[in-house]
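As a plain string of letters, each chain reads:
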Amino acid sequence: MTEENGLLRTLAEDLSVVVARDPSLTSRREALGHTGLSAVWAHRVSHRLYGRGMRTAARTVARISRRRTGVEIHPGAVLGRRVFIDHGASVVIGQTAVVGDDVTIYQQVTLGAVGWWADNHRPPGARRHPVVGDGVILGANATVLGPVTIGDRALVGAMATVTEDLPPGARVYAARSVVRPAPGPRAVPPLGAGPVPAARTGAAGPGVPPVSGGPAGAAAGDRPPLSVSDAVRELASAGSW
Ligand SMILES: CC(C)(COP(=O)(O)OP(=O)(O)OC[C@H]1O[C@@H](n2cnc3c(N)ncnc32)[C@H](O)[C@@H]1OP(=O)(O)O)[C@@H](O)C(=O)NCCC(=O)NCCS
Ligand SMILES: CC(=O)OC[C@H](N)C(=O)O
């Protein structure tokens, strides 16, 4: 794990793994601008500060990182070597989470607790967050909740939710969206066909004020452009706001 490795060596490995696992990158130089890499690097620093009891400084680094990357990793969380966070947006990793080596984490992954109403009954210092084994892949929006253990090389698919232990190599898939063939021609009119509702053409209808400066009932294309402030004023004076 990271603590046994020199910090610089760990940071260099983090850089290499981003180049190796993000096909959109062509060089180490380009990888320096990778959002997930910034988040992992910041955590390497904040976790060390946290381990030395400098909680405020650790929190500050984590907060700056969150603002810049969208990744929120509690300084207490333990990240293994070569953890790869791709894209990063909205990733949340809780305080007592442990993430193994060579784990891949896509956007919107949560390694979270089940909630205070359960966690406040745990003994002090008890784990609330998952332990993720080596080589695990967590797909976009995967959510793992509670002090569960995800076995090595398991895959938690995009959108899947896990609240129980997973054995090594397990695969968890969320339900797929339903795909249907195109509906018959009469079921849904083609885009652009059919009448435009009066409220959007400016035609006076019951309780619907015209929204253009042109004459009521004029076709939408005939109206002069309406500024936002004019539209707000018209709606307010018609009592529709
Ligand atoms: C973790 C959580 C799902 C547990 O649900 P719960 O109702 O408290 O407790 P249980 O685990 O007993 O679940 C109740 C039932 O819902 C089912 N269930 C739980 N999650 C489910 C899911 N995602 N989909 C379908 N069913 C689910 C369970 O299987 C159980 O069914 P059963 O009674 O037939 O066995 C819920 O507390 C939760 O969503 N908490 C918020 C966690 C969160 O957002 N954390 C973020 C922190 S960063
Ligand atoms: C990430 C997460 O679990 O947040 C919930 C709460 N802040 C806690 O640390 O338990």
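Overview of the structure. Owing to the predicted nature of the structure, the values given are computational and were not obtained by experimental measurement. (Residues numbered from 1 in each chain as written. Chains lettered and ligands numbered in written order. Predicted model: local features only at pLDDT ≥ 70, side-chain atom pairs only at ≥ 80, totals over all residues. Heavy atoms only, no water.)

The next thing to look at is helix α4 (residues 55-69). For an α-helix the count is 3.6 residues per turn, leaving residues at separations of three or four pointing the same way. Between the first and last C-alpha of α4 there are 21 Å, a value that for 15 residues agrees with the 21 Å anticipated at 1.5 Å per step. Backbone geometry just downstream of α4 places G70 in the positive-phi region, at approximately 80°. (Helix = DSSP H or I, 4+ residues; strand = E, 2+ residues; numbered from the N terminus. Expected span 1.5 Å × (residues − 1).)

Our next topic: the sheet that holds strand β13 (residues 161-162). One open sheet accounts for 5 strands, arranged β1-β4-β7-β10-β13; its pairing is parallel. Whereas interior strands pair on both sides, the edge strands pair on one side only; in this sheet they are β1 (71-73) and β13. Across 2 bridges, strand β4 (residues 91-93) lies against strand β7 (residues 110-112) in parallel orientation. Bridge pairing in β7 links I93 to L111. (Pairing = 2+ DSSP bridges.)

Glycine aside, residues mostly have negative phi angles, and peptide bonds mostly take the trans form. Positioned with a positive phi, S90 is a non-glycine residue whose angle comes to about 65°. Along the chain, the position of S90 falls in the loop between β3 (84-85) and β4. With a phi close to 60°, D102 is a non-glycine residue in the positive phi region. Summarising the element assignment, D102 is placed in the loop between β5 (98-99) and β6 (104-105).

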